[in-house]
Amino acid sequence: CEHLEPQGLGALQLAFDQLKERLAREGLFDPRRKRTLPALPRKIGVVTSLEGAAIRDIINVISRRTRTVHLLVVPARVQGEGASHEIVRAIRFLNDHHARALREARHDAAIDVVIVGRGGGSIEDLWAFNEEAVARAIRGSAIPVISAVGHETDFTIADFAADLRAPTPSAAAE
């Protein structure tokens, strides 16, 4: 035998369930920790790939709805080896930018909300958003975070950690 998997569950699903349970016990997903989103954000930070459809969808939706919102896009790989580290780095960059703007009283440069996401894919493709470090970076953000990973039926650990889960990147932009 070269490979064994628990009957009924794949290894990734089992890892997902175990991490979700552990982080829930810690209170990371507690609804009382969720922040409300601003009604009219002026600046939105976006963490996603520059190559994917998600960024185009977000830009199209926001452009159609308003011309007064500015986007600060911090590119990150959203799948594969090292993607979770890039997502964490991007979230931290946006928080550092936000804190610097507030310290310098440049409130127009402060970020009102962050969208973290990507389009759909397999559980393996979405796995970076199931990493503990990403969940902790989202929960540790001083800026409210919308998780917009995959399609309506996809759920990731990032969705549970975020202040709001959007079923798609387009819905997050709405």
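Please refer to the structure placed before this passage.
What comes next concerns the included structure. (Residues numbered from 1 in each chain as written. Predicted model: local features only at pLDDT ≥ 70, side-chain atom pairs only at ≥ 80, totals over all residues. Heavy atoms only, no water.)

Brief notes about the overall build of the protein chain
Link 1 in the chain: Along the backbone of the protein chain there are six helices and five strands.
Link 2 in the chain: Walking the protein chain from its N terminus toward its C terminus, one meets helices and strands in the order α-β-α-β-α-β-α-β-α-β-α.
Link 3 in the chain: Taken over C-alpha atoms, the radius of gyration comes to 16 Å for the protein chain, in line with the 16 Å a tight globule of 174 residues would show.
Link 4 in the chain: In terms of its C-alpha atoms, the protein chain occupies a principal-axis envelope of roughly 60 × 30 × 25 Å.
Link 5 in the chain: Here the protein chain holds 174 residues, and the buried ones make up 44% of them.
Link 6 in the chain: If you take every contact in the protein chain between residues at least 6 apart in sequence, the share linking residues at least 24 apart comes to 68%.
Link 7 in the chain: Here the protein chain displays about 9,400 Å² of accessible surface, and carbon together with sulfur accounts for 53% of that area. (Helix = DSSP H or I, 4+ residues; strand = E, 2+ residues; numbered from the N terminus. Rg over C-alpha atoms; globule rule 2.2 N^0.38 Å. Buried < 20%, exposed > 50% of the residue type's maximum accessible area, 1.4 Å probe, protein only. Contact = heavy atoms within 4.5 Å. Areas by Shrake-Rupley, 256 points an atom, 1.4 Å probe, with all protein chains shown as cover.)

Some details on the pairing of strand E3 (residues 113-118)
Link 1 in the chain: For E3, the tally of buried residues reaches six of six residues, placing the bulk of the element in the interior.
Link 2 in the chain: When strand E1 (residues 43-48) meets E3, the two strands line up parallel, connected through four bridges. Paired with Val47 across the strands is Val116, a residue of E3. (Pairing = 2+ DSSP bridges.)

Some words on the packing of helix H3 (residues 83-103) against helix H4 (residues 132-140)
Link 1 in the chain: For the pair H3 and H4, interaxial distance at closest approach is 9 Å and the crossing angle is 10°. Between H3 and H4, the interaxial angle falls into the category roughly parallel. Only Ala133, Val134, Ala137 and Ile138 of H4 make contact with H3, whose side of the interface consists of Ser84, Ile87, Val88 and Ile91.
Link 2 in the chain: Partitioned by chemical class, the residues of the contact of H3 with H4 number seven nonpolar, one polar and no charged. (Axes fitted to C-alpha atoms, helices over the stretch in contact; angles between N-to-C directions. Parallel < 35°, antiparallel > 145°, perpendicular 65-115°, else oblique. Nonpolar A, V, L, I, M, F, W, Y, C, P; charged D, E, K, R; others polar.)

Comments concerning the pairing of strand E4 (residues 145-149)
Link 1 in the chain: The buried fraction of E4 amounts to five of the five residues, a majority that puts the element mostly inside the structure.
Link 2 in the chain: Because side chains alternate across E4, one face comprises the buried residues Val145, Ser147 and Val149, and the other comprises Ile146 and Ala148, equally buried.
Link 3 in the chain: As paired strands, E3 and E4 are joined by five bridges and run parallel to one another. Opposite Arg118, over in E4, you have Val149 as the bridge partner.
Link 4 in the chain: With H4 bridging E3 and its parallel neighbour E4, the resulting β-α-β unit is right-handed. (Right-handed = clockwise from strand over helix to strand, strands pointing away.)

Let's talk about the sheet that holds E4
Link 1 in the chain: A sheet is described by the order of its strands in space; here five strands give the open sequence E2-E1-E3-E4-E5, paired in parallel fashion. Because the sheet does not close on itself, it has two edges, and the strands there are strand E2 (70-75) and strand E5 (164-165).
Link 2 in the chain: Here H3 sits on the sheet in contact with E1, E2 and E3, set at roughly 140° to E2.

Fair warning: the whole summary comes from geometry, so function is off the table for now.
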